[in-house]
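# What the coordinates show
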Amino acid sequence: MKKSLLWLLIVLLSVSMVATFSLAGCKEKTAEEEAVAEEEAAEAVPEGEQVTIKLTSWRTEDIERMNRINAVFMEENPDIIVDFQPIKDTEYDAQLTSSLETGVGADIIWLRSFDPGELIYNGGYISELNDVIPELADFPSAAINAWASDDGVIYGVPIAGVTHGVFYLGDIFEQYGLEEPATWAEFIDLCQTLKDNGETVFAQGTGDGWPLYEVIYSGLGANFYGGEASRQALMAGDMRLTDEPFVDAFKAVDELQQFFPSGYEAINYVAMQQMFGTRQAAMFIGGSWEIGIFRDAELDDLGWFAPPVENEGDTLQYCFHVDMGVGINKASKNYDAALRYLKWTSTPEFAQLFMENLPGFFSYTPNPTGEYILEDDVALDNLNAASGADLTVRTVWERMSRQEPSGNGMMEEALIKMYTDVLTPEEAAALVQDALNTWYEPFME
Amino acid sequence: MVGDRKKLMSSINKKKIRYFIPLFLASGIIIYTIFMVVPILNSMFLSFYTGEGMSTPTEFVGFRNYIRLFTQFPFKDRFINAFWNNVKFFLIVTLIQNVVGFFMAVLISRKFWGNKIFRRISFLPVTLSVLVVGFLFSLMLNPVWGIFDKILEFLRLGFLIRPWLGSTTTALPVIAIVISWQWMGEAILFYMAGIDGIDEEVLEAAKIDGAGPLAEIRYILFPSLLPVIGIVTILIFIGDFTQFDIIYAMATTRGNPTYSTDLFGSLFYRVTFQSAERGGWGMGMGAAVATIMFLIVFIGVIFWLYIFRMKGLKDKEGA
């Protein structure tokens, strides 16, 4: 009796498992069939009928702004409805891949620069753009390179870059008769003056590691390690992070620790922004994407200066990071409409709209008819700092963060440990270098 | 003859009823299989495939993912770190919830004005979302505007102030205390049910024999509630070794600061669902982590069940 009961249970269990696996198989097949059928249906849609294309990005905070931009496109293209559906930043990569794998991905996809974007292209999910958008040939090669494969296939339109520098409250500077510093020594003197007067110098903390690496080390440290030339040498394996210029950058940014607020170890990124936004600190080392946030916080006396150079007369090594590219889903059911939108993103009209609505994001699109107009003076300062400067991107972003232990992750860990006095600047540099030595080929030779 | 026939009929009826049992269980079994057994087995299969990048693993690699997980930097280091963090986290939560929950339940079980309201209030935090609790405590512990440090200053205990969530020594215990606070109501509920189940006469007899409150706890309540301690501990074990939400809310998926609060849950999420430059190891490695997590919880639960069952049997023999 017991035996037959057991057998019945086993049979039930097996049947339900087989059923699940078969259903999963059927689902894939059905999805494929549906895709083909809908593709055919899409082709058959008569001209003049409206189609909806879906856009996705990792910036949920941009919904209203992107809707304003898309409204212009929809007005010019009444047969297309653009639906902007962003995903939370931390979940973007996983959700995007899953949606593309299961054939329900958005038509237009926001792509991160270098490896994460290339991963999507290598997965066979996005189209090549070299022939369909010939205008890309006129874009700066540094920007194109971030969304192109090694063999020259362009899979993303570069739509925006971001910069890094120091925000400050003009009223506090005025109160103590301070001026924007040009050199590091002036910067440290200024910090000391503010500290001596009882002000909280920086709204900075080590609760999150990425601002330490992406903004402080890559932004302010680039002037010490030699900017793009050193970054290229590092990537080629001709330099190491333990070489003097890179260690000097660690030492320089470590000098700022004395000006961090009390309890900085527990202050995370959001708290940092809130601190500065509520005028509880005089300065904030941040990225240009934060201009909109501080404008929303009504900081009317917001000022900004570029990362101070080491010595007077040095050329600014400016971290102008390639941030957003946009690609087209190969399996899009409304491919033609999506392509029309993608082509529009490569026009000066889109660039102007994008910079107007998202202050602090700077377009790479060439403008043959003249200069772009930036209404926000801080955004303009950010952009103007690029002229005459040597441009670079974040230190170990390209190639060196392709796999675990990733350069980005190790930099974050090293900098948190340095700022919490667990590691010296030399040890912090060695921690990252040793980790990269385990897999990054140019360092293994 | 008639008797034999009756016996035969009753045996057939019993058989029929017994054959119905699996049919009644079928819906549960099918749902459980589809949503639990199949995903677990699928995850185990995935752990034998390559998991480079974010795409679905396709190439069979045998035990390579496991070998990397247990032998190679940084996989081994992160995994072992999360394991010990989980052990510490479990011990702190178990200690707080069992000790405080037990004594709170004993207190609430006494008859006093308002004890029923207190019973209900003690369960309130359980009904809150873990993310909300994590966010609120993060605000309270913030070094700039958090109320906790302000209270310490007011009490002239400013010298005790630490960067609670920013220090590698304090972050994990603080988060463990937060989660213990939230789930304390559940432990109290279990202990209350246990206390309610004790025969009133036994307690009264003890009082007549002159047993004080401590003797009552030592000789009656504690031995009677031993199976409850077992259940509470097993639930904490399962909850803590699959804990994710509170770490996500208070220390991000990186287990800040510098992985000192990284538990299996946050490790699994980060390595599986995030891209390489954000700490991802790929789907295959993620599946390997999930499989090991499953085995640890499975073996752990069997271990605890064995411990508490043996203890129960010994007590019964002793009685």
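These numbers come from a predicted model, not from an experiment.

Reading the values: the criteria
Just so you know, the residues in each chain are numbered from 1, in the order the chain's sequence is written. Each chain takes a letter, starting from A, and each ligand takes a number, starting from 1, following the order in which they are written. The predicted nature of this model means local features are confined to residues of pLDDT at least 70 and side-chain atom pairs, given and counted, to a pLDDT of 80 or more, with totals for whole chains, interfaces and linings taken over all residues. Helix axes are fitted only over the stretch in contact, all axes being lines through C-alpha atoms; the angle between N-to-C directions runs from 0 to 180 degrees. Secondary structure elements follow DSSP: runs of H or I no shorter than four residues count as helices, runs of E no shorter than two count as strands, and numbering proceeds from the N terminus. If an angle is under 35 degrees, it is roughly parallel; if it is over 145, roughly antiparallel; if it lies from 65 to 115, roughly perpendicular; otherwise it is oblique. Two helices crossing with the near one rotated counterclockwise from the far one by less than a right angle form a left-handed crossing, whereas a clockwise rotation gives a right-handed crossing. Contact between two residues is assigned when their C-beta atoms, built from the backbone, lie within 7 Å. Residue ranges assigned to each domain were obtained from an automatic or database domain assignment. Residues are grouped as follows: Ala, Val, Leu, Ile, Met, Phe, Trp, Tyr, Cys and Pro are nonpolar; Asp, Glu, Lys and Arg are charged; all remaining types, including Gly, are polar.

### Notes on the packing of helix 7 (residues 171-196) of chain B against helix 10 (residues 226-241) of chain B
All names here are of chain B. In contact at an axis separation of 9 Å, helix 7 and helix 10 are set at 160° when each is read in the N-to-C sense. Here helix 7 is positioned roughly antiparallel relative to helix 10, judged by the angle of their axes. Here helix 7 runs over helix 10; the crossing is right-handed. Contact residues: Ala187, Phe190, Tyr191 and Gly194 in helix 7; Val228, Ile231 and Val232 in helix 10.

### A closer look at the domain arrangement of chain A
Where interface size is quoted, it is often the accessible area lost as the parts come together. Residue and element names in this part refer to chain A. Partitioning chain A into domains gives domain 1 (49-161 + 322-378) and domain 2 (163-320 + 380-444). Relative placement of domain 1 and domain 2: their C-alpha centres are 28 Å apart. Between domain 1 and domain 2, the contact holds 14 residues from the first and 19 residues from the second. When grouped by side-chain class, the residues that make up the side of domain 1 that touches domain 2 number nine nonpolar, two polar and three charged.

### Regarding the environment of Ala185 of chain A
Within the secondary structure, Ala185 of chain A is located in helix 7 (residues 184-196). It is 7.6 Å that separates the C-alpha atoms of Ala185 of chain A and Glu310 of chain A, two residues lying 125 residues apart in sequence.

### Regarding the interface of chain A and chain B
Facing the 46 residues of chain A at the interface are 37 residues of chain B. Sorting the residues of the side of chain A that touches chain B by element identifies helix 1 (2-44), helix 3 (89-101), helix 4 (115-122), helix 12 (269-277) and helix 17 (407-419) of chain A as the ones contributing at least two each. For the side of chain A that touches chain B, the element with the highest residue contribution is helix 1 of chain A, accounting for nine residues. Grouping the amino acids of the side of chain A that touches chain B by side-chain chemistry returns 19 nonpolar, 18 polar and nine charged.

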